[in-house]
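Residue strings, one per chain:
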Amino acid sequence: MNRNTFTYLKIGFLSVFLVGVIACKHDDEDEFTFNGLDDSYSIDRFKVLSIPTHASGSVTWSINDSIISQNSELEFISPNADAYPLTLKINNKGKEQIYHSKIIVTKEKTPYSKYISKVLEFRPAVGQFMNEIPEYIPGNTAANMLQKANESLVGGNSTMISLGGYGGYVVFGFDHTIPNLNGRDFKVLGNAFFGNDANDQRSGSCEPGIIMVAYDKNKNGKPDNDEWYEIAGSEYFKNTTVKDYSITYHKPNENKVPVPGTEFWQTDVEYIKWNDNLGNQGFKTKNTFHAQSYYPLWFTDPSYSFSGTRLANNFFDQSGDGSYWVGKSYEFGYADNAPNTDDASNIDISWAVDRSGKYVKLPGVDFMKIYTGVNQEAGWLGEVSTEVAGAYDLHFK
């Protein structure tokens, strides 16, 4: 072996050794990249406090002896003004570090409301109560009708709006984050009731609406498309429920000659044409009980569409002769699906799922979207249409 070859070997061996030392040092440094907790954190009640760690390994957050999270980033919310002793444990490759702090939850300076604070969108589908609840006045624009929806739903003295047939929706928000705590977290008000003569005691006038929820994670004050999650009610995982359903409604010619049906109430059985993405099509019937246009008169487009989850038809003709229709209440997880005094109108944020149907863990929700979940005509009762009469935080004291 010549001298130059020996020198190259020594240099190569030394390089490998140094790389190994540097790599080991780098691994050691990566074990704990977290810089520690502040002595304390302050946040208003009903607001989310986020504490990121970016730590590798297992992470455990606890208050007293109760584990509250095992995520790298803590998202903490409380409805109560109090001081909470916080402990963070990070375990990486058998090495554990423990950090202590406290969270001081303060009462907000400007009192919150437990009720809806603002309606952001109102886009109803066709229906017999359209242009009546809320009332359309000639010349009203979409902005005017949105304002009327606000007047109907905001605050504790809310009234009611109709979302029309399948897909019609309303989006609203709160002035605080409704926390995701143990049990059910919020109530959605409607006008559902159980029928005295219904054979099934939990049937009557129940017109279930799908509930979507959004947590304003980026704090921009609006629900972004990637922040929406569906509340997986009792029907969500059943094969009778259709995902990715869509329907299109076509604007009717209000001056055309009506085509009356065989029943006294059928004013025009070829009133509003519709078609869906499953190859179905038909007409929404105009009945003798409502003579106004069933198409939102502030919409100028010749047609419009909705997409979402469609529930199985829940109304049936109990009488057998068309005189008594009843709608069955689904077990849980929908709006206008049970009386306001019934527990089934209370919703648990923990039921939220992503697009693939996987449950998600949200600290709370800031916004809700409710849309009619059934595409059905219930005889002389007309289309199944979700009505919304308000919503509120069940944790608010």
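Residues numbered from 1 in each chain as written. Predicted model: local features only at pLDDT ≥ 70, side-chain atom pairs only at ≥ 80, totals over all residues. Heavy atoms only, no water.

> Would you take a moment to explain empty space enclosed by the protein for this structure?
A water-sized probe rolled over the atoms picks out the places where empty space is left. Using the criterion set out here, one finds one cavity of 30 Å³ or more in the structure. The computed volume of the largest cavity comes to approximately 40 Å³. Taken together, the residues of the lining of the largest cavity break down into three nonpolar, two polar and three charged. (1 Å grid on protein atoms, 1.4 Å probe; cavity = no way out; pocket = protein on both sides within 12 Å on 5 of 7 lines; lining within 4 Å. Points joined across faces, edges and corners; volume = space filled by probe spheres on them. Nonpolar A, V, L, I, M, F, W, Y, C, P; charged D, E, K, R; others polar.)

> Explanation requested: the pattern of salt bridges in the structure shown.
Pairing between side chains becomes possible if they bear opposite charge and their charged atoms approach one another. By the definition in use, this model includes 10 salt bridges. Of the charged contacts, one joins Asp342 and Arg202 as a salt bridge, the two residues approaching to 2.9 Å between their closest N and O atoms. Residue Asp342 is found in the loop between strand S21 (325–328) and strand S22 (346–347), and its partner Arg202 is found in the loop between strand S12 (193–194) and strand S13 (203–205); the two are separated by 140 residues along the sequence. Here Lys238 and Glu235 are joined by a salt bridge, their closest N and O atoms 3.2 Å apart. Residue classification places Lys238 among the partly exposed residues on the basis of a relative accessible area of 42%. Several salt bridges share partner residues, and in doing so they unite Arg45, Lys107 and Glu108 into one network. (Salt bridge = Lys/Arg side-chain N within 4 Å of Asp/Glu carboxyl O. Helix = DSSP H or I, 4+ residues; strand = E, 2+ residues; numbered from the N terminus. Buried < 20%, exposed > 50% of the residue type's maximum accessible area, 1.4 Å probe, protein only.)

> Help me out: how do you make sense of the domain arrangement of the chain in this one?
How big an interface is tends to be stated in terms of accessible area lost as the parts join. Along its sequence, the chain is organised into domain 1 (40–106) and domain 2 (118–393). The contact between domain 1 and domain 2 buries some 770 Å² in all, and 60% of this surface belongs to carbon and sulfur atoms. Close ionic contact of Lys217 with Glu75 constitutes a salt bridge, the shortest N to O distance being 2.9 Å. (Domains from an automatic or database assignment. Buried area = accessible area lost by both parts, 1.4 Å probe.)

> In this structure, what is going on with the layout of surface pockets? I would like to understand it.
In this structure, the largest pocket spans a volume of roughly 760 Å³. Around the largest pocket sit 28 residues that line it, and Ile68, Glu75, Asn180, Lys361 and Pro363 are the ones nearest its centre. Within the residue set of the lining of the largest pocket, elements represented by two or more residues are strand S4 (66–69) and strand S5 (74–76). In terms of residue class, the lining of the largest pocket is made up of 12 nonpolar, nine polar and seven charged. For the lining of the largest pocket, the domains that each give at least three residues are domain 1 (40–106) and domain 2 (118–393). There is about 510 Å³ of room inside the second largest pocket. Lining the second largest pocket are 21 residues, and of these Met212, Glu230, Gly308, Arg355 and Tyr371 lie nearest its centre. Tallied by class, residues from the lining of the second largest pocket come to 10 nonpolar, four polar and seven charged.

> What's the story with the sheet that holds strand S18 (residues 281–287) in this structure? I'm lost.
For sheets, the rule is that strands pair by backbone hydrogen bonds, running either parallel or antiparallel. Sheet architecture is open: four strands sit in the order S18-S17-S16-S19, paired in antiparallel fashion. Each edge of the sheet is formed by a strand with only one pairing partner; in this case those strands are S18 and strand S19 (303–310). Taken pair by pair, the neighbouring strands of this sheet meet at an average axis angle of 35°, ignoring direction. (Pairing = 2+ DSSP bridges. Axes fitted to C-alpha atoms, helices over the stretch in contact; angles between N-to-C directions.)

> Even after reading the chapter, I still don't get helix H2 (residues 142–153), so can you show me in this structure?
Because each turn of an α-helix spans 3.6 residues, side chains separated by three or four positions end up pointing in the same direction. Between its terminal C-alpha atoms H2 stretches 16 Å, which fits the 16 Å expected from 12 residues at 1.5 Å a residue. Inspection of H2 places Met145, Lys148, Ala149, Asn150, Ser152 and Leu153 among the buried residues, and these make up the whole buried set. Of the surrounding elements, those touching the buried residues of H2 are strand S8 (118–123), strand S9 (161–162), strand S10 (169–179), strand S25 (387–388) and strand S26 (390–393). (Expected span 1.5 Å × (residues − 1). Contact = heavy atoms within 4.5 Å.)

> It is not clear to me how the pairing of strand S6 (residues 82–92) should be interpreted in this structure. Could you clarify?
A regular strand places its side chains on the two faces of the sheet in alternate fashion. Two strands pair when backbone bridges link them, and strand S3 (residues 58–63) and S6 are joined in this way by six bridges, in the antiparallel orientation. Within the sheet, the bridge partner assigned to Ser58 lies in S6 and is Asn91. One ladder, built from 11 bridges, connects S6 with strand S7 (residues 95–106); its direction is antiparallel. Residue pairing for S7: Lys89 is matched across the bridge by Ile98. Between the antiparallel neighbours S6 and S7 lie two residues, among them Lys93 with a positive phi of about 55°.

> For this particular structure, what's the right way to read the nonpolar core?
In a soluble, globular protein the nonpolar side chains are often hidden away together inside. Judged by nonpolar contacts, the single largest core of 65 residues is most densely connected at Val170, Phe172, Phe186, Ile211, Val213, Tyr249 and Ile370. For this core, the leading source of residues is S10, giving six residues. Sequence-distant contacts of Ile211, defined by excluding residues within four places in its chain, comprise Phe186, Val188, Tyr229, Glu230, Ile231, Gly333, Tyr334, Ala335, Ile347, Lys369 and Ile370. Residues Tyr41, Val59, Leu86 and Leu88 belong to the second largest nonpolar core, which totals 19 residues. (Core = buried A, V, L, I, M, F, W, Y, C linked by side-chain atoms within 4.5 Å.)

> What am I meant to see in the environment of Tyr334 here?
Structurally, Tyr334 is set in the loop between S21 and S22. The spacing of Tyr334 and Val188 is 146 residues in sequence and 8.4 Å in space, taken between C-alpha atoms. In contact with Tyr334, other than residues within four places in its own chain, are Pro208, Gly209, Ile210, Ile211, Gly233, Ser234, Glu235, Tyr236, Leu311, Ala344 and Ile347. Within the structure, Tyr334 has its side chain in polar contact with the backbone nitrogen of Glu235 (distance 3.0 Å). (Polar contact = N/O pair within 3.5 Å; in protein donor to acceptor, adjacent residues only side chain to side chain.)

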